[in-house]
Amino acid sequence: MKKLTSALVFSSLLSTSAFADKWHMPTPYGDGNLPTQIAYSFAAEIKEKTGGDLDITVHSGGSLVKHTEIPKAVKSGQVQMGEVFMGILGNEDPIFKHDNIPFLATSYDEAKQLWEAAKPAVEKQLDKSGMKLLYTVAWPAQSLYTEMPVEQLSDLSGAKMRAYSPSTSRLADLMGTTPTTIQVPDIPQAFSTGIIQAMITSPSTGVDSQAWDYVNYYTDVKAWIPKNIVVVNKRAFGRLDKETKRIVLEAAKHAQEQSWSKVAERADMDTALLVENGMNVSEPSEKLISELQTIGETMISEWKAEDPKEVGAILDRYNP
């Protein structure tokens, strides 16, 4: 009896952890980035409100799953949820390209409107792939980092340009540069070894990768405002009880609100850090903006041609 009683007591002490769901959430970006910080807050809120019954571990910086493999890992159930830059899904369906199109949406208000226009199609496509959308995190507007001053596109002729999605590869082609796929952790080495000489990305990514160590110029073209999406495996979500589902969706709503409220502030702060660390930060010339806008018009036309019905519906709903 004493042995049985001891076993029962020990079992009761373990019951909380034994029945708690332990989930894993890989994200591609480091702890200094706003999306990762929001992910930590999201996971903490869920753990607190479920009393630890759903405990989500955020694996930052691609430490658990490489960026390009995260969608597959979530679809297959290898991990329960994950965060991914939406544009890298562009080869799966053109609707994912909507916020990688230059000069389609260049302000945060426009980016919100574009997202509302695209969201139904994005959710539909994710659902087909066995995933459910939880929330998005906007990045600061994407601008141009170069080793040399750029007044017009011909200044970049022949340069190797970082690409990180199908749309940015096409953009590099149209800019007269050579697209080279480089993920965030590899940016410093790619510049220092001459693999790339230019990139278009956010001030936050520039700060995170200490861009001042390998480039001198930041031209604030504000070409587009991309987003990350946080998705959950539908089967894993379906196994949660009703109250836990409500808590997860409520935490996702709070994460979404944080994204839009903090992104502009973060953009200003990170741009100031580029200046503080010695980078030449400047507004683009009228000629450069005009050339980039023309490329944007070309890419919008090409994007619509990929799926006239779905993309056309997004553009019809989007009225900035």
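Here the structure is shown first, and the text comes after it.
If you're wondering where the values come from, they're calculated on a predicted model, not measured in any experiment.

Participant: Teacher, can you tell me more about helix 2 (residues 34-49) here?
Facilitator: For an α-helix, 3.6 residues make a turn, and residues three or four places apart therefore share a direction. End to end, helix 2 covers 23 Å across 16 residues, agreeing with the expected 22 Å (1.5 Å per residue, within 8%). Within the sequence span of helix 2, burial applies to Leu34, Pro35, Thr36, Ile38, Ala39, Phe42, Ala43, Glu45 and Ile46. Residues of helix 2 that are buried in the fold lie against strand 1 (21-26), strand 2 (54-59), strand 3 (81-85), strand 4 (131-138), strand 10 (227-233) and helix 9 (242-276). Just downstream of helix 2 lies Gly51, where phi reads positive at about 65 degrees.

Participant: How do you make sense of the side chain of Gln80 when you look at a structure like this?
Facilitator: You can see Gln80 is positioned in the loop between helix 3 (70-76) and strand 3. For Gln80, a relative accessible area of 18% corresponds to the buried category. In terms of polar contacts, Gln80 uses its side chain to reach the backbone amide nitrogen of His24, at 2.8 Å. Excluding its chain neighbours within four sequence positions, the residues that come into contact with Gln80 are Lys22, Trp23, His24, Val74, Val231, Val232, Asn233 and Ala236.

Participant: Can you help me understand the pairing of strand 1 in this one?
Facilitator: If a strand is regular, its side chains alternate between the two faces of the sheet. Two strands pair when backbone bridges link them, and strand 1 and strand 2 are joined in this way by six bridges, in the parallel orientation. In the strand pairing of strand 2, Pro26 is matched with His59.

Participant: Explain the packing of aromatic side chains here, please?
Facilitator: One pair of aromatic rings is described through two measures. These are the centre distance and the angle between the planes. The full count for this structure, using the stated rule, is five aromatic pairs. Taking 4.8 Å as the distance between ring centres and 70 degrees as the angle between the ring planes, the aromatic pair formed by Tyr29 and Trp139 counts as edge-to-face. With Tyr29 in the loop between strand 1 and helix 2 and Trp139 in the loop between strand 4 and strand 5 (143-146), the pair connects residues that are 110 residues apart, well separated along the chain. Residue classification places Tyr29 among the buried positions, given a relative accessible area of 6%. With centroids separated by 4.8 Å and ring planes inclined at 65 degrees, the aromatic side chains of Tyr145 and Tyr218 adopt a geometry described as edge-to-face. Taken as a pair, Tyr145 in strand 5 and Tyr218 in strand 9 (residues 217-219) lie far apart in primary sequence, 73 residues in all. Grouping residues by exposure puts Tyr145 and Tyr218 together as buried.

Participant: Even after reading the chapter, I still don't get helix 10 (residues 286-306), so can you show me in this structure?
Facilitator: Counted at 1.5 Å a residue, the expected span for helix 10 with its 21 residues is 30 Å, and the 31 Å between its end C-alpha atoms agrees. Among the residues of helix 10, those classed as buried are Leu288, Ile289, Leu292, Ile295, Gly296, Met299 and Trp303. Looking down the long axis of helix 10, one finds its buried residues gathered within 125 degrees of arc, a one-sided arrangement. Helix 10 presents Glu286, Glu297 and Ala305 as exposed residues on the side facing more than 90 degrees away from its buried surface. Buried residues along helix 10 sit in contact with strand 5, helix 5 (166-174), strand 9 and helix 11 (308-317).

Participant: I'm lost on the pattern of salt bridges in this one. Help?
Facilitator: Where charged atoms from two side chains of opposite charge approach closely, those side chains can pair. For the structure shown, the criterion picks out 16 salt bridges. Its salt-bridge partner being Asp220, residue Lys222 comes within 2.5 Å of it at the nearest N-O pair. Lys222 gets classed as partly exposed once you look at its relative accessible area, which sits at 36%. Relative accessible area serves as the criterion here: at 12%, Asp220 is assigned to the buried category. The salt bridge partner of Arg246 is Glu250, with a shortest N-O separation of 3.6 Å. Of this pair, Arg246 and Glu250 both sit in helix 9, four residues apart, which is roughly one turn of the helix. A residue is classified by how much of its surface remains accessible, and Arg246, at 41% relative accessible area, is partly exposed. Via salt bridges that share partners, Glu45, Lys49, Glu243, Arg246 and Glu250 belong to a single interconnected network.

Participant: Help me out: how do you make sense of the nonpolar core in this one?
Facilitator: As a rule of thumb, nonpolar side chains are buried together in soluble globular proteins. Membership of the largest hydrophobic core comes to 68 residues, with the highest contact counts inside it found for Leu126, Tyr145, Leu156, Met161, Met175, Ile229 and Ile314. Looking at which element gives the most residues to this core, the answer is helix 4 (residues 108-128), with seven residues. Setting aside residues up to four positions removed in sequence, Ile314 forms contacts with Ile95, Leu114, Ala117, Ala118, Ala121 and Trp303. Of all hydrophobic cores here, the second largest spans 31 residues; its members include Ala43, Tyr135, Val137 and Leu240.

Definitions and cut-offs
- Residues numbered from 1 in each chain as written.
- Predicted model: local features only at pLDDT ≥ 70, side-chain atom pairs only at ≥ 80, totals over all residues.
- Heavy atoms only, no water.
- Helix = DSSP H or I, 4+ residues; strand = E, 2+ residues; numbered from the N terminus.
- Expected span 1.5 Å × (residues − 1).
- Buried < 20%, exposed > 50% of the residue type's maximum accessible area, 1.4 Å probe, protein only.
- Contact = heavy atoms within 4.5 Å.
- Polar contact = N/O pair within 3.5 Å; in protein donor to acceptor, adjacent residues only side chain to side chain.
- Pairing = 2+ DSSP bridges.
- Phe/Tyr/Trp six-rings, centres within 6.5 Å; stacked < 30°, edge-to-face > 60°.
- Arc of directions from axis to C-beta.
- Salt bridge = Lys/Arg side-chain N within 4 Å of Asp/Glu carboxyl O.
- Core = buried A, V, L, I, M, F, W, Y, C linked by side-chain atoms within 4.5 Å.

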